[in-house]
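Examination of the molecular architecture
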Amino acid sequence: MKATVTVMLKNGVLDPQGEAVRRALGSLGFEGVEGVRQGKVIELDLQASDRARAEEEVRAMCDKLLANTVIESYRIELA
Amino acid sequence: MKAAVVVFPGSNCDRDLAVALRAAGAEVSMAWHKDDALPAGTDLVAVPGGFSFGDYLRCGAIAARSPIAAAVVAHARRGGYVLGVCNGFQVLTEMGLLPGALMRNAGLKFICHPAALRVETTDSGFTEGYEKAQTVTFPVAHHDGNYFADDETLRRLRGEDRVAFTYRDPVNGSVQDIAGILSENRRVLGLMPHPERAVDAAHGGTDGLAMFRGLVAQAVAA
């Protein structure tokens, strides 16, 4: 089973990199970009075949290492 | 006073910290990240600057989960002294020993220059050698020193007099210009600027000496 974890800065946490990307897009002539948030995607190859257990395990991985929940939120997709 | 400097792959201020601590009279040993215990009798754990594990994932994240980490956390929970400088500060927040997080500098650039700091509290073994509101100059050298904490945490830090140093002028976007903070028991200090790079006249300043001398004096008194 494959898990895809998307880690983003929480709403309300200023994202200086996203803001720099937004300004760069504006200077390239892309108008109407009101906000850019930059995050990261982590793909995991799992041995698990049980969906619920896999999700529980990936959630524990996120809480313990993959995300810093002081500033980041995460989303898990299983396929 | 026995100090242990923790060394991770990618640490690069470990020797500087050891030199500063020895100059202040400490007996210093190095603790490798794969060790699962600190040297016997350790009074102070110093977590150095650098780029532990290449800053992969997040600065300090992987170091904070290495085998030595549990021993460092246990030492702090017992009331032992812990100093984290630069990457060491990032590691201590990732370990959960200090609140908040260090984010990418607001200006996105790596900054490297002497920074004027204001001593916010003298109520700690790290800062009792200074005067409150004194200006000290320590070098900063970081890409991710932009301190963030939520409003409730900031109120608690201020209310409990746990902000140790602030930048005199904004350098990296840190909330309230916070440069360093203390734990609840005042025995853990994390700061982005480098006191160990200000302990010899050849460094251009010696404002960091008082911190290391103060720590050594604490341990001797205890």
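Residues numbered from 1 in each chain as written. Chains lettered and ligands numbered in written order. Predicted model: local features only at pLDDT ≥ 70, side-chain atom pairs only at ≥ 80, totals over all residues.

Helix and strand content of chain B: five helices and eleven strands. Taken against the 2.2 N^0.38 rule, which gives 17 Å for 222 residues, the C-alpha radius of gyration of chain B at 15 Å falls within 12% of a compact globule. Once the C-alpha set of chain B is aligned to its principal axes, its extents read approximately 40 × 40 × 35 Å. For chain B, the proportion of contacts with a sequence separation of at least 24, taken over those separated by at least 6, is 73%. (Helix = DSSP H or I, 4+ residues; strand = E, 2+ residues; numbered from the N terminus. Rg over C-alpha atoms; globule rule 2.2 N^0.38 Å. Contact = placed C-beta atoms within 7 Å.)

Attention shifts here to the overall build of chain A. A tally of regular secondary structure across chain A gives two helices and three strands. Tracing chain A from N to C terminus, the helices and strands come up as β-α-β-α-β. For chain A, whose C-alpha radius of gyration is 16 Å, the value lies well above the compact-globule estimate of 12 Å for 79 residues. For the C-alpha atoms alone, the extent of chain A along its principal axes is close to 45 × 25 × 15 Å. By residue count, 13% of the 79 residues in chain A fall in the buried class. Considering only contacts in chain A between residues 6 or more positions apart, those separated by 24 or more positions represent 66%. (Buried ≥ 20, exposed ≤ 12 C-beta atoms within 10 Å, placed from the backbone.)

Taken residue by residue, chain B gives an average pLDDT of 96. The fraction at 70 or more is 99%. The ipTM value of the predicted complex is 0.87, and its pTM value is 0.95. (pLDDT = per-residue confidence, 0-100.)

What follows deals with the sheet that holds strand 6 (residues 111–119) of chain B. Residue and element names in this part refer to chain B. Read across the open sheet, the nine strands follow the order 2-1-3-4-11-10-9-6-7; overall the sheet is mixed. A strand with exactly one partner marks an edge of an open sheet, and here the two such strands are strand 2 (27–32) and strand 7 (135–142). Across the sheet, the mean angle separating the axes of adjacent strands is 20° when strand polarity is ignored. Two elements, strand 4 (residues 81–85) and strand 11 (residues 188–191), share four bridges in a ladder whose sense is parallel. The partner of Leu-83 across the bridge, within strand 11, is Leu-189. (Pairing = 2+ DSSP bridges. Axes fitted to C-alpha atoms, helices over the stretch in contact; angles between N-to-C directions.)

All names here are of chain B. Taking every second residue as pointing to the same face, both faces of strand 3 (residues 44–47) are buried, with Leu-44 and Ala-46 on one and Val-45 and Val-47 on the other. Examined bridge by bridge, strand 1 (residues 2–7) and strand 3 share three bridges and lie parallel to one another. Bridge assignment links Val-5 to a residue of strand 3, and that residue is Ala-46. For the segment spanning strand 3, helix 2 (residues 67–77) and strand 4, crossover handedness is right-handed. (Right-handed = clockwise from strand over helix to strand, strands pointing away.)

Residues and elements named next belong to chain B. You will see that Cys-86, though not glycine, has its phi angle at about 60°, which is positive. When you line up the elements, Cys-86 lands in the loop between strand 4 and helix 3 (87–95). The backbone phi angle of Ala-133 is positive, close to 75°, even though this residue is not glycine. Along the chain, Ala-133 turns up in the loop between strand 6 and strand 7.

Once that is clear, we can look at the sheet that holds strand 2 (residues 40–45) of chain A. Residues and elements named next belong to chain A. Pairing is antiparallel across the open sheet formed by three strands, whose spatial order is 2-1-3. The strands lining the two open edges of the sheet, one partner per strand, are strand 2 and strand 3 (72–78). Taking the axes of each pair of neighbouring strands and ignoring which way they run, one obtains an average angle of 20° across the sheet. Pairing geometry for strand 1 (residues 2–9) and strand 2, over six bridges, is antiparallel. Residue Lys-2 lies in a different strand from strand 2, and its bridge partner there is Asp-45. Helix 2 (residues 51–66) rests against strand 1, strand 2 and strand 3 of the sheet, and its axis sits at about 155° to strand 3.

The partner chain A presents eight residues to the twelve residues of chain B that form the contact. Of the residues assigned to the side of chain B that touches chain A, the class counts are six nonpolar, two polar and four charged. (Nonpolar A, V, L, I, M, F, W, Y, C, P; charged D, E, K, R; others polar.)

Moving on: the nonpolar core. With 77 residues, the main nonpolar core has Val5(B), Val6(B), Leu21(B), Ala46(B), Val82(B) and Leu92(B) as its most contacted residues. Among residues more than four places away in sequence, those in contact with Leu21(B) are Ala3(B), Ala26(B), Val28(B), Ala46(B) and Phe212(B). One finds Ala3(A), Val58(A), Cys62(A) and Tyr74(A) within the second-largest nonpolar core, a separate group that totals six residues. (Core = buried A, V, L, I, M, F, W, Y, C linked by C-beta atoms within 7 Å.)

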